[in-house]
Amino acid sequence: MKIKLNKINKVLQSHRSQALICSTALVAVLTAPTAIAQESQSSQADGKIEEVVVTGMRSSLTNALAEKRESNNLVEVIQAVDIGKLPDQNLAEVLENVSGIQITRTAGVGTGVQIRGTNANRTEINGVSTVGSGAGRSGISFDDVSASIISAVEVTKAPDAKTIEGSVGGTINLRTIRPLELNETLAAVRIQGESSSLSDDGMTPRFSGTYGDNWETSAGNFGVVISGSYAEQDVTAFRPRVDRDHVVTSDGGTANAQDFDFLGIQFLNQDYDNFEYETVNFSGSLEWEPNDDMRLYFDSIVNDQERYSESVAVQASGVSDLIGVSVPSEFETVDFGSLGGQDLGSIQAAIKGVIPVEDGGADPNLRFAGDTISRVTKSEIFRLGGDWSGENLKTTVELSSSRSESTKPQINTTLNFINPNAAVNSSNENGTPFVYDLTGGSLAFDIAFDEANAPSAEDMMNPANYMLRSVDTARDLTENTEDAFRTDFEYNLDWSVFTTLDFGYRYSKATSMTDQIRANVSLRNYDDSPTGDLFAELLTAGPDNFGDADGRDLFVQDFLMINPDMIAADQDNVLSLLNDAVTAHGGSIPVTAPTSEVDAFFDIEETTNALYAQANFSTNYIRGNIGLRYLETEVASTGNSTTTDGDGNPTVSLVTTVRDYDFLLPRLNIVADLTDEVVLRAGWGKDIRRPDFNDLSTSVTYPLSPNTSVAVGNPGLTPEEVTSFDISAEWYFAEASVLSIGYFHKTRKDLHVGQQNNPYEDPETGYRDIVGPECEEGGIWNPIADINVFGPVGVGVCVPWATTINDTGETTQEGVELAIQYDLAGFEDQLGWASGFGILANYTFQEFSGGEAVDTATSRASAIFAASTGNDDIDVSAKQQLIDLSENAYNFTLYYEKYGLSARMRYTWREAYRSEDFGSTFNYPWGFPVVQEDRGQLNASVSYDVTDQLNIGIEAVNLTESKVEQSCVNEGALLCFQGLTDRRVTVGASYRW
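Residues numbered from 1 in each chain as written. Predicted model: local features only at pLDDT ≥ 70, side-chain atom pairs only at ≥ 80, totals over all residues. Heavy atoms only, no water.

**Notes on the side chain of Arg178**
Right, so step 1: Note on placement: Arg178 falls in the loop between strand 9 (171–175) and strand 10 (186–196).
Right, so step 2: A distance of 3.1 Å separates a polar atom in the side chain of Arg178 from a polar atom in the side chain of Asp299.
Right, so step 3: Every residue in contact with Arg178, bar those within four places of it in the chain, is listed here: Asn126, Val225, Ser285, Glu287, Tyr297, Asp299 and Arg383. (Helix = DSSP H or I, 4+ residues; strand = E, 2+ residues; numbered from the N terminus. Polar contact = N/O pair within 3.5 Å; in protein donor to acceptor, adjacent residues only side chain to side chain. Contact = heavy atoms within 4.5 Å.)

**Description of the packing of aromatic side chains**
Right, so step 1: Under the criterion given, the structure shown has 26 aromatic pairs.
Right, so step 2: Relative to Phe503, the ring of Phe489 lies with its centre 5.1 Å away and its plane at 20 degrees, an arrangement referred to as stacked. Residue Phe489 is located in strand 25 (residues 466–495), and its partner Phe503 is located in strand 26 (residues 498–515); the two are separated by 14 residues in the primary sequence.
Right, so step 3: Residue classification places Phe503 among the partly exposed residues on the basis of a relative accessible area of 30%.
Right, so step 4: On the numbers, 6.2 Å between centres and 85 degrees between planes, the contact of Phe498 with Phe617 is edge-to-face. With Phe498 in strand 26 and Phe617 in strand 31 (residues 602–618), this residue pair connects regions lying 119 residues apart in the sequence. (Phe/Tyr/Trp six-rings, centres within 6.5 Å; stacked < 30°, edge-to-face > 60°. Buried < 20%, exposed > 50% of the residue type's maximum accessible area, 1.4 Å probe, protein only.)

**Points about helix 7 (residues 571–585)**
Right, so step 1: In this model, helix 7 (15 residues) spans 21 Å end to end at C-alpha, consistent with the 21 Å of a helix rising 1.5 Å per residue.
Right, so step 2: Those residues of helix 7 that fall on the buried side of the exposure criterion are Gln571, Val574, Leu575, Leu577, Leu578, Ala581 and Val582. The buried side chains of helix 7 occupy one side of the element, clustering within an arc of 160 degrees when seen end-on. Counted as exposed and oriented over 90 degrees from the buried face of helix 7: Thr583 and Ala584.
Right, so step 3: One or two residues past the end of helix 7 sits Gly586, with phi positive at roughly 90 degrees. (Expected span 1.5 Å × (residues − 1). Arc of directions from axis to C-beta.)

**Looking at unusual backbone geometry**
Right, so step 1: Of note, the amide linkage connecting Asp363 to Pro364 takes the cis form, showing an omega dihedral of -5 degrees.
Right, so step 2: The residue Pro364 is located in the loop between strand 20 (346–355) and strand 21 (365–389) in this model.
Right, so step 3: In the segment running from Gly772 into Pro773, the intervening peptide bond is cis, with an omega of 5 degrees.
Right, so step 4: Even without being glycine, Asp494 reaches a positive phi, approximately 50 degrees.
Right, so step 5: Within the secondary structure, Asp494 sits in strand 25.

**Focus on a negative patch on the surface**
Right, so step 1: A surface patch of like charges, here negative, comprises Asp200, Asp201, Glu458, Asp544, Asp548, Asp558 and Asp565.
Right, so step 2: Within the element layout of this structure, Asp565 appears in helix 6 (residues 564–569).
Right, so step 3: Residue Asp565 is classed as exposed on the basis of its relative accessible area, which comes to 52%. (Patch = residues over 30% accessible without salt bridge, like charges linked within 9 Å, V, L, I, M, F, W, Y side chains within 5 Å. Areas by Shrake-Rupley, 256 points an atom, 1.4 Å probe, with all protein chains shown as cover. Salt bridge = Lys/Arg side-chain N within 4 Å of Asp/Glu carboxyl O. Lys, Arg positive; Asp, Glu negative; His and termini not counted. Charge placed at Lys NZ, Arg CZ, Asp CG, Glu CD.)

**Comments concerning the side chain of Ser208**
Right, so step 1: As for its position among the elements, Ser208 is in strand 11 (residues 204–217).
Right, so step 2: In this structure Ser208 comes out as buried when scored by relative accessible area, which is 15%.
Right, so step 3: Contact partners of Ser208, with chain neighbours within four places excluded, come to Ser148, Ala188, Val189, Arg190, Gly228 and Ser229.

**Details of empty space enclosed by the protein**
Right, so step 1: Taken as a whole, this structure holds 16 cavities of 30 Å³ or more when the rule is applied.
Right, so step 2: Considered as a void within the structure, the second largest cavity measures approximately 350 Å³ in volume.
Right, so step 3: Lining the second largest cavity are 27 residues, with Arg122, Thr130, Arg137, Glu482 and Glu606 sitting closest to its centre.
Right, so step 4: Mapped by element, the contributors of at least two residues to the lining of the second largest cavity are strand 6 (122–125), strand 25, strand 26 and strand 31.
Right, so step 5: No other element matches strand 26, which puts 5 residues into the lining of the second largest cavity. (1 Å grid on protein atoms, 1.4 Å probe; cavity = no way out; pocket = protein on both sides within 12 Å on 5 of 7 lines; lining within 4 Å. Points joined across faces, edges and corners; volume = space filled by probe spheres on them.)

**Quick notes on the pairing of strand 5 (residues 109–115)**
Right, so step 1: Across the 7 residues that make up strand 5, a large majority, 6, are buried.
Right, so step 2: Note that strand 4 (residues 101–106) and strand 5 share 6 bridges and pair antiparallel. Residue pairing in the sheet places Ile101 in a bridge with Ile115 of strand 5.
Right, so step 3: Counted along the chain from strand 4 to the antiparallel partner strand 5, the turn is 2 residues long, and its residue Ala107 has a positive phi close to 55 degrees. (Pairing = 2+ DSSP bridges.)

**Topic: the sheet that holds strand 42 (residues 801–806)**
Right, so step 1: Strand order across the open sheet formed by 4 strands is 35-36-42-39, with mixed pairing between neighbours. The strands lining the two open edges of the sheet, one partner per strand, are strand 35 (700–701) and strand 39 (752–757).
Right, so step 2: Sheet topology places strand 36 (residues 710–712) next to strand 42; 2 bridges connect them, and they run parallel. Among the inter-strand pairings, Ala711 is bridged to a residue of strand 42, identified as Ala802.

**Some thoughts on the pairing of strand 22 (residues 393–417)**
Regular strands have side chains that alternate between both faces of the sheet.
Right, so step 1: Strand direction decides the pairing type here: strand 21 and strand 22, joined by 22 bridges, are antiparallel. Bridge pairing in strand 22 links Asp371 to Asn412.
Right, so step 2: What sits between strand 21 and strand 22 in their antiparallel hairpin is a turn of 3 residues.
Right, so step 3: Summarising the sheet, strand 22 and strand 25 pair through 25 bridges and their orientation is antiparallel. Across the sheet, residue Pro409 finds its bridge partner in strand 25, namely Arg475.

**Considerations on helix 3 (residues 56–70)**
Right, so step 1: The first and last C-alpha atoms of helix 3 sit 22 Å apart over 15 residues, in line with the 21 Å expected at 1.5 Å per residue.
Right, so step 2: In terms of burial, helix 3 is a largely internal element, 12 of the 15 residues being buried.
Right, so step 3: Taken together, the buried positions of helix 3 are Gly56, Met57, Arg58, Ser59, Ser60, Leu61, Thr62, Ala64, Leu65, Ala66, Lys68 and Arg69.

See below:
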């Protein structure tokens, strides 16, 4: 869309002029170009104003800046460069351009968004609430929506009374093109292909197209816009993990005792993750204006996505049995720093050595866990409404419906490698020697082929040397909905400084249902576990390119796994073939199909009535709004309760818990137009954050792994209350340019925090309580969990349990946001070709404090801290920090647009932060969330207008293949996990009629 620069400038300068207030921060850099601009304007004193037509990147930046400038509250806007062309392919990465926003990634792809340090945000499309594929509150997943159907992204940081409640950091509104705003017919298509540096699947396609037009008829004005896209994406990440959380003391009497205490190798894991996305998006809008006073509209958004992931984890399990035998050849000093006001001291840790086969040949055993998981999601968003304008009253009535249905079919299989050169017994596992080398910050290990008892590469590829250990299947179903009715009124007051009065009502009904359909089959004995030659048709060679990410030589590359493609094609057939193998082997435990787990089912219904009133005011220099929002909510949480009669027969009945609450939320926004160039903003208001649906459930889910916490719902959770204050200054010092600084402060009451209760582990053996159903020393009894290394072979063990509670203390978040946008397009006569340059940059500082909820060290971690400090009675706990909050973050974008060439390079950096995602296990191995270390990422794109209609381009994400690193306990302490991500390159062309 073509934008007239002089018209945008008129908008930006629509207020009374006063003396210029300059920001001293960039005077030296900005003064000269500003003077050139003034000189250029004075040369037009003859009254002839030359109209400069701007398109592409500068058009989007200029338009977005004008929208931000005129807003009565604090908003940030990003507009598409062209039809279906936002700055990035991924919506989360688009939002990363905004100050105060950081994102989290899965295998390098943006999936989570934190606004001002929190994940507690809302996502709307065209002002309609969206629902996600899980049980969260933030709305639709950003990887479910193609950026190609979105025309603009708006982030509201300071809400007014009209803004729907439910956000702590901000509200994200994804906007599509409005048909009646078109000045000309739209018709465009884009074809692209993307490749990943770590994937061997070649280039994946992307197609998108948009058509839009409007017409004047005798029945009024009609408009239509239709957008569609089809995209495939293939991304890969390699994720090595090493656990060193068991202390070998100098006086412990073990065979490998040193003159000092040290941390031995407890667990080795080489994880290969591949994610394949197939996404279909459709967006359609119809508008009809029967006359100048009335408009009717209908919007629809339909998204279909199949997210398929295959991963294989090469695990050295049972390493803990060799903790007192294996002698490291090199050590490093680990400084734990301080936590909770306590200095945790330092200790030596193994970084290089060989782990031999145990006497008797049992451990360490080599295990291959293959997870093949799909998420098939269909989401629909519909909006039907109209507005009517009278002499003094404007009325809007709207019905909306958001729906999301997700099924998650998966088969997870575990194979044990039976080393033909080590002793065997009645179990279906035996020992394989390993070599590890953690020097240089690389968590690398391999089979020690040069050691005694080692298998050969040929042995590793022989199906007869594998045995089936477990088969876990699931077909979980999640359904989320929100239906809403709202009516809004705007009345012209014309009363002193008050210009209009806005008031309205909104009714919404939200539901969330999860039905876990699962089956877990554990095979622990040789008599029950078939060998791989009985299901050889299902086996395939595992990926052998783990070294491609960082050039490592030490990794397991010759092994077999169950073919994930066969699982994806026909899960039932795979289960049937595995069951046939069990039968042929003579096993007594069949591989069964999944069934609904009654204890894990929940269905929640939430009904809300909300009223608001808001007075808008304006003078020559001051404008804004003041208002109240009142809401009443009723929540009904339904789950299954299982009781047993005297004969041992179970009875399942539905139990519903009902509660309600109400809130009054005042909100105030003030904008002062101090000069034509300087705007001062302030905002104050209250909001709430409702608990996630799964946190309100009365259900309990028992995982098969003893490492995964049992999630326990808390239907008594209350919403968080947040009081926010913002103040900012914006200096529009040149055409399409701005320098801004802002401060925000949030006080949060009843913060939702996680609490994990850990089972006791013997410091010497690592064993837990394996006698249920009570866990007297902590944790919760899990009757189906594999005991694994936490006791003798079997099923049933005390495991951690986790729930969510309201923090009894008050917490605060505060921060400073700096941003600059500077464009040199207005200085072509003075700068020539260099006038094509521009920059975008922002910096955010934020911190979190307060609260009373604490995390406490596990029993095994306490034993380590006793050794590192010399204090046998040490008790380590620390106040919880806000998950995913980085204190410092910035990004810098340099762009060039001239002569049909458009180039853009963005570097994004964020400081270390606490994370719950520890190697995809989502547990606290030391009792504390892990720390994801500092990370930067470089993205770039170049495109060229071959003709006025044809554009070709190339984009690259993660050019430097920046890796993820996580440390346990504290930042820079003990490296325990890495994510080696890919570089993705997209090439394509677009054509516009």
